[in-house]
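Listed below, chain by chain, are the residues.
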Amino acid sequence: MQFFNRLYYIPLTLVLAILLSGCKKGFLDRAPSDLISEKEVFGNIENAEDFLNNAYDIFPSWFYKPKDGGVWALASGTDEAEQIWDADRDVNFFNTGNINPQYFPMIDRYFDLYATIRRANMLLENYELIPDEIGAGSAEISRKKRLKGEAFGIIAFCYFELFKMWGDVALVKTSLDISDPNVNQLQRSPVSEVYAYVLQNVDSAVSILPPSYASESLYGRMTATAAKAIAARAGLYFASTLFNPQSDKGRWSEAARLNKELIDYATSKGFQLSVTGNADYSAYERVFQDSRNPEVLFTRFGVNTRSYYDNWDKITESTGYGGDGGTQPLQEMVDSYEMSNGKAI
């Protein structure tokens, strides 16, 4: 019995010795296997594209879903409609003026926009790691080059959204390291500088991207036409009374120039008003039903998750027509339409 005990303890001692020696050599100090380095992400063009694809989540859908719950149609924050559901009526504060620096119904956008800017900056900073494809890409542009142009366009859109809603904001031109003690000391830049940075990124995007894509797989991505549209709209906001209380005519002249450039460029590339129908829809129906109608300068495609919020008709139609009446048009919107006989409603 005593001999058996010796045999039992000897192997156990050897196992402990092996484990302890392994610990001393850093065996258990390895980095988690689920961490992926920047070289691994951007050294593979598929990974690099997937990385930037997530940035497209920043483009608005027809509804807004705050992180603290609820959901409401963006139209309810304008003169088109009103949110009816009690749980989601914060959006009506836009129309009542019941917002302040402490409460803004779309505050989540502030953080999401900067997160998207960081993502685009990271791609640009690691652009040289992305391999060139041989014999791949679209007929219009190589995939690597396209990703670079898209990143510039996305940054332009994000900063336009930021200054539109918050005015002076911090200009972050690199992907900040959160361990940097100065990361919380960023100062706001005046709107004029933010606006200039929007135009700078638009110019970079336009110099790289094509006006549109023939490939269905690329439809919905940033293009030169979409980038010019961002500049045109940003120019109008920058010239408006909100940011131009002195009514500087030079700003209005620039806004007019940017919009004229967009119109001329877009029409020369085949964009136009929807004045003809097709086999499925009338000219007017195409605006709402045909994602490829000629008026669309840029569109966001969503993934149909078959969730309740994918069902726009169900949410917005009145209860009398089988809908839930969550969002209802204002009378002024209804009155803006004519009846089938051409008379006013």
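Residues numbered from 1 in each chain as written. Predicted model: local features only at pLDDT ≥ 70, side-chain atom pairs only at ≥ 80, totals over all residues. Heavy atoms only, no water.

Trainee: Teacher, can you tell me more about the overall build of the protein chain here?
Mentor: Along its length, the protein chain carries twelve helices and four strands. With 345 residues in all, the protein chain has 35% of them scored as buried. Long-range contacts, defined as pairs at least 24 residues apart, comprise 61% of the intrachain contacts of the protein chain with a sequence gap of at least 6. Accessible surface, the protein chain as shown: approximately 21,400 Å² in total, 55% of it carbon and sulfur. (Helix = DSSP H or I, 4+ residues; strand = E, 2+ residues; numbered from the N terminus. Buried < 20%, exposed > 50% of the residue type's maximum accessible area, 1.4 Å probe, protein only. Contact = heavy atoms within 4.5 Å. Areas by Shrake-Rupley, 256 points an atom, 1.4 Å probe, with all protein chains shown as cover.)

Trainee: Explanation requested: the nonpolar core in the structure shown.
Mentor: What tends to happen in soluble globular proteins is that the nonpolar side chains get buried as a cluster. One finds Tyr-159, Phe-163 and Val-198 to be the most contacted residues of the largest nonpolar core, which totals 58 residues. Among the elements that take part in this core, helix α6 (residues 143-166) stands out by supplying twelve residues, more than any other. Judged by nonpolar contacts, the second largest core, of five residues, contains Tyr-64, Val-91, Phe-104 and Met-106. (Core = buried A, V, L, I, M, F, W, Y, C linked by side-chain atoms within 4.5 Å.)

Trainee: Would you mind going over the confidence of the model for the protein chain with me for this structure?
Mentor: Detail in the predicted coordinates should be disregarded across regions flagged by low pLDDT. For the protein chain, per-residue confidence averages 84 on the pLDDT scale, and 84% of positions sit at 70 or higher. Confidence drops under pLDDT 50 across residues 1-20; counting only partners more than four residues distant or on other chains, this segment forms zero contacts. (pLDDT = per-residue confidence, 0-100.)

Trainee: Just checking my understanding: could you explain the side chain of Lys-144 for this structure?
Mentor: As for its position among the elements, Lys-144 is in helix α6. For Lys-144, the residues in contact, after removing those within four places along its chain, are Ile-45, Tyr-127, Glu-128, Ile-130, Pro-131 and Asp-132.

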